[in-house]
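Survey of secondary and tertiary structure
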Amino acid sequence: MRILILNGPNLHLLGRREPETYGRASLSQIEEALRETAAELGVEIECRQSNWEGRLVDWIGEAPERFDGIVFNPAAYTHTSVALRDAIAGAGLPVVEVHISNVHAREEFRRRSYTAAVCLGQICGLGTAGYDWALRALVQHLKSRSNREATHEY
Ligand code: DQA
């Protein structure tokens, strides 16, 4: 099982970007922790980050060729991007949306997610541990789905 870990704009700055909101862990520390969780769960992960909406759209579009699901923090594009929503819907892979901060407790414009409705679910407000929960939830979902398919239970 292969999972794509995708991070959107400005998340390469984690650790020094608004630490009171996003914590002090860098993106590479978060990715390192996810590699440990992936090893524990017996899955492979690949971690990517881009500030470019079109690049994220391309990666999501190509994902079904190589991945079984995506953990995705679309960052600010969450609140603006119909293109990312359509990419997720079109890829047809289960996606768990992650936000480090509780977007519902912040500015009004952060309460709307264009992407959440086409995702399997959303985890927010649990800090950087949210990535770990998201990976575990996604793998659990994929494993139980493949068990159901193997036993022809739908
Ligand atoms: C974020 C929340 C977004 O509103 C913001 O634009 C980000 C990070 C989060 O992880 O809490 O860049 O996605």
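Going by the structure above, here's the rest.
Residues numbered from 1 in each chain as written. Predicted model: local features only at pLDDT ≥ 70, side-chain atom pairs only at ≥ 80, totals over all residues. Heavy atoms only, no water.

1. Structural notes on helix α2 (residues 27–41)
With 15 residues, α2 should reach 21 Å at 1.5 Å per residue; the first-to-last C-alpha distance of 21 Å fits that figure. Every buried residue belonging to α2 is among Leu 27, Ile 30, Glu 31, Leu 34, Thr 37, Ala 38 and Leu 41, and all of these are buried. The arc enclosing the buried residues of α2, seen along the axis, measures out at 115°, which places them on a common side. More than 90 degrees from the buried face of α2, the exposed residues found are Glu 36, Ala 39 and Glu 40. Against β1 (2–7), β2 (44–49) and α5 (129–150) lie the buried residues of α2. In the stretch just after α2, Gly 42 is the one whose phi turns positive, near 75°. (Helix = DSSP H or I, 4+ residues; strand = E, 2+ residues; numbered from the N terminus. Expected span 1.5 Å × (residues − 1). Buried < 20%, exposed > 50% of the residue type's maximum accessible area, 1.4 Å probe, protein only. Arc of directions from axis to C-beta. Contact = heavy atoms within 4.5 Å.)

2. Examining the sheet that holds strand β5 (residues 121–124)
As summarised here, the arrangement of the 5 strands in space is β2-β1-β3-β4-β5, forming an open sheet in which the pairing is parallel. Where the open sheet ends on each side, the last strands, each with one partner, are β2 and β5. Strand-to-strand, the axes of this sheet are offset by a mean angle of 20°, without reference to chain direction. Sheet topology note: the strand β3 (residues 69–73)/strand β4 (residues 95–99) ladder contains 3 bridges and is parallel. What sits directly across from Val 71, in β4, is Val 96. Helix-sheet contacts for α5 involve β1, β2, β3, β4 and β5, and the interaxial angle to β3 is about 160°. (Pairing = 2+ DSSP bridges. Axes fitted to C-alpha atoms, helices over the stretch in contact; angles between N-to-C directions.)

3. Focus: the site of the ligand
Close contacts around the ligand come from Arg 17, Tyr 22, Asn 73, Ala 75, Ala 76, His 79, His 99, Ile 100, Ser 101, Val 103 and Arg 110, and that covers them all. Here an oxygen atom of the ligand sits 2.9 Å away from a polar atom, N or O, in the side chain of Asn 73. A distance of 2.6 Å separates an oxygen atom of the ligand from a polar side-chain atom of Ser 101. In the complex, 99% of the free accessible area of the ligand, which totals 320 Å², lies under the protein chains. Among the residues forming the shell around the ligand, the class breakdown is 5 nonpolar, 4 polar and 2 charged. (Near = heavy atom within 4 Å. Polar contact = N/O pair within 3.5 Å; in protein donor to acceptor, adjacent residues only side chain to side chain. Areas by Shrake-Rupley, 256 points an atom, 1.4 Å probe, with all protein chains shown as cover. Nonpolar A, V, L, I, M, F, W, Y, C, P; charged D, E, K, R; others polar.)

4. Description of the pattern of salt bridges
Between side chains of opposite charge, pairing is possible as soon as their charged atoms come close. All chains considered together, the criterion is met by 11 salt bridges. Between Arg 110 and Glu 107 there is a salt bridge, and its shortest N-O distance comes to 2.7 Å. Its salt-bridge partner being Arg 111, residue Glu 108 comes within 3.1 Å of it at the nearest N-O pair. Residue classification places Glu 108 among the exposed positions, given a relative accessible area of 58%. Residue class for Arg 111 comes out partly exposed when judged on its relative accessible area of 40%. Residues joined in a network through salt bridges with shared partners are Arg 2, Glu 44, Glu 46, Arg 48 and Arg 66. (Salt bridge = Lys/Arg side-chain N within 4 Å of Asp/Glu carboxyl O.)

5. Points about the side chain of Asn 7
Relative to the helices and strands, Asn 7 is located in strand β1. Looking at Asn 7, its side chain comes within polar contact range of the side chain of Tyr 131, at 2.6 Å. Residues contacting Asn 7, with those up to four places away along its chain left out, are Leu 27, Arg 48, Gln 49, Ser 50, Leu 56, Asn 73 and Tyr 131.

Spatial relationships are all this shows, so hold off on functional conclusions.
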